[in-house]
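Take a look at the letters that make up each chain.
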Amino acid sequence: MHYTLHLTNRCNLACRYCYVKKGQSDMTAEMARRVVDMAAETGGHHGIVFFGGEPLLCWEQIEETVAYAEEIQRTGKCYFHFKITTNGLLLDESFLSYACRHDIFIALSHDGLGNDTERINPDGTGNRDKLEEIAKRLLSCKPYAPVMMTVTPGTLPRYADSVRYLYGLGFRYIICTMDYSAAWRESDLVILKRQYRKLATFYREMTLREEKFYLSPFEVKISTHIRSHNLRAERCELGKKQISVAPDGKIYPCVQLVGDPMFCIGDIWLGIDEEAREALYLLNEREKEGCERCAIRSRCNHYCACLNKSATGDITKVSPFLCAHERILVPIADGVAERLYRGRNALFIQKQYNDMFPLISLAEDKTVR
Ligand code: SF4
Ligand code: SF4
């Protein structure tokens, strides 16, 4: 189970697409410890994810939570892995060396060439130059740290160039997501198709080099074809495999649902309200209108409550843009996969057909320090 701790709803940035209901609330260290206790009650392996707002504004709570979880871990009752998602501006040497000592996985949010127009400072200025230094620092201690990029209608024309830019900075795990809450137009779809074609060429080039490289839109869609028998295993199942805890201690099934009372499924003192969680899960399981007979239904993100909520305001309604996006991406991803498969590219075959590849890859990443 993954426990995402929204340590604060404060942030040092003012991204144009931010969905966080900003305020001055921070989770106390005591509350964070309570979440660790909740995880420990069930034993086994758990992920503790530090999230925000900007979680590095709450470094003390991070240190206290990690120390507390490590203490429990020493009893052998329960095992934790830690992750932080940060905008990077507070990522200094001191936090990086702390993160290395405690094996904290760091994911950086960065919109590539679009960073200066979308992920802006509160005074409206950009921060891309500053982030270049920070990215170098991060990659020198964690060479396989992932970078997470959001694509908006404004940054779409430079989508492929932004991926190349992030690759040029040294990132090898590039996770891309669309801003589904934006007002996408019909004309954007032509640009989207062109950008995915460019990215397919890039994906192929990088794979042919047999260099370790992960570009999420392609990896995910190719995987939905190859692992079609096991797709459910990769879903979050709305509150069953991960929960988000707000700064006030309320529990929600996912990050983008935090703060909306309709999606609250408990709190850290009374625990998860199983009835509420099950009701939401079942609501989301209902067939989405228009998807019943779709040929790529099993490969489409239409089941994601978070994406639907941000796009249409309703977890059960899929947006026309999401539908169009999937219909554009799937054939382009399949085309590049077929070429790589026919060419018997060793990296591609390992990555897509060896179920042990993620574990082998993780072990390799840990040795490159
Ligand atoms: S860094 Fe995250 S929390 Fe901060 S403004 Fe941007 S999207 Fe919102
Ligand atoms: S591509 Fe469109 S119709 Fe098909 S499953 Fe996805 S959202 Fe539904």
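Above this note sits the structure.
Our subject in this report is the structure included herewith. (Residues numbered from 1 in each chain as written. Chains lettered and ligands numbered in written order. Predicted model: local features only at pLDDT ≥ 70, side-chain atom pairs only at ≥ 80, totals over all residues. Heavy atoms only, no water.)

1. A word on the overall build of the chain
Check the secondary structure of the chain and you find 13 helices and 11 strands. For 369 residues, the compact-globule formula gives about 21 Å, and the C-alpha radius of gyration of the chain, at 20 Å, lands near that figure. Taken along the three principal axes of its C-alpha coordinates, the chain extends 55 × 45 × 45 Å. By residue count, 52% of the 369 residues in the chain fall in the buried class. A separation of at least 24 residues holds for 69% of the contacts in the chain among residues at least 6 apart in sequence. Summing over all exposed atoms, the chain offers an accessible surface of approximately 17100 Å²; the carbon and sulfur share of this is 53%. Positive and negative charge centroids in the chain, built from 49 and 48 side chains respectively, lie 6 Å apart. (Helix = DSSP H or I, 4+ residues; strand = E, 2+ residues; numbered from the N terminus. Rg over C-alpha atoms; globule rule 2.2 N^0.38 Å. Buried < 20%, exposed > 50% of the residue type's maximum accessible area, 1.4 Å probe, protein only. Contact = heavy atoms within 4.5 Å. Areas by Shrake-Rupley, 256 points an atom, 1.4 Å probe, with all protein chains shown as cover. Lys, Arg positive; Asp, Glu negative; His and termini not counted. Charge placed at Lys NZ, Arg CZ, Asp CG, Glu CD.)

2. Observations concerning the side chain of E54
By the element assignment, E54 lies in the loop between β2 (44-51) and α2 (59-74). Buried and unpaired, E54 has no salt bridge, with R119 as the nearest side chain of opposite charge at 6.5 Å. Of note is the side chain of E54, whose polar atom sits 2.9 Å from the side chain of T86. Each residue touching E54, except ones within four places of it in the same chain, is listed here: T8, R10, C11, N12, T86, N87, G88 and L90. (Salt bridge = Lys/Arg side-chain N within 4 Å of Asp/Glu carboxyl O. Polar contact = N/O pair within 3.5 Å; in protein donor to acceptor, adjacent residues only side chain to side chain.)

3. Considerations on the site of ligand 2
Around ligand 2 lies a shell formed by G290, C291, C294, I296, R297, C300, H302, V318, C323 and R327. Residues that form the shell around ligand 2 fall into these classes: 6 nonpolar, 2 polar and 2 charged. (Near = heavy atom within 4 Å. Nonpolar A, V, L, I, M, F, W, Y, C, P; charged D, E, K, R; others polar.)

4. Some remarks on the side chain of Q352
Within the secondary structure layout, Q352 lies in helix α12 (residues 346-353). Note on Q352: relative accessible area 4%, which makes it buried. With near-sequence residues (within four places) excluded, Q352 lies in contact with Y203, E219, I222, S223, I226 and R227.

5. Re helix α1 (residues 29-41)
Across its 13 residues, α1 extends 18 Å between first and last C-alpha, which sits within 8% of the 18 Å expected from 1.5 Å per residue. Within the sequence span of α1, burial applies to A29, M31, A32, V35, V36, M38, A39 and A40. Positive backbone phi, at 70°, marks G43, one or two positions downstream of α1. (Expected span 1.5 Å × (residues − 1).)

6. Some words on the packing of α2 against helix α3 (residues 93-101)
Contact pair α2 / α3: the axes reach a minimum separation of 12 Å and the direction vectors enclose 15°. Relative to α3, the element α2 is oriented roughly parallel. Here α2 and α3 pass one another in a crossing that is left-handed. Residues W59, I62, E63 and V66 of α2 touch α3, and the partners they reach there are S94, F95 and Y98. Looking at the contact of α2 with α3 residue by residue, the class counts come to 5 nonpolar, 1 polar and 1 charged. (Axes fitted to C-alpha atoms, helices over the stretch in contact; angles between N-to-C directions. Parallel < 35°, antiparallel > 145°, perpendicular 65-115°, else oblique. Left-handed = near helix turned anticlockwise from the far one by under 90°.)

7. Remarks on helix α6 (residues 159-169)
With 8 of 11 residues buried, α6 lies mostly within the body of the structure. Inspection of α6 places Y159, A160, S162, V163, Y165, L166, Y167 and L169 among the buried residues, and these make up the whole buried set. Buried residues along α6 sit against α5 (128-141), β5 (146-151), β6 (173-178), α7 (186-208), β7 (214-215) and α8 (216-226). Looking one or two residues beyond α6, the residue adopting positive phi is G170, at roughly 120°.

8. What about the packing of aromatic side chains?
Tallied over the full model, the rule gives 16 aromatic pairs. Their ring planes at 20° and their centres at 6.5 Å tell us that F80 and F82 sit as a pair that is stacked. By relative accessible area, F80 is classed as buried at 8%. Taken together, Y159, Y167, Y196, F202, Y203, F213 and F218 form an aromatic cluster joined through their ring pairs. For K240, the ring lying beneath its charged end belongs to Y281, and the centroid distance is 3.7 Å. The aromatic ring of Y341 is capped on one face by R344, whose charged end is 4.7 Å from the ring centroid. (Phe/Tyr/Trp six-rings, centres within 6.5 Å; stacked < 30°, edge-to-face > 60°. Lys NZ or Arg CZ within 6 Å of the ring centre and 35° of its normal.)

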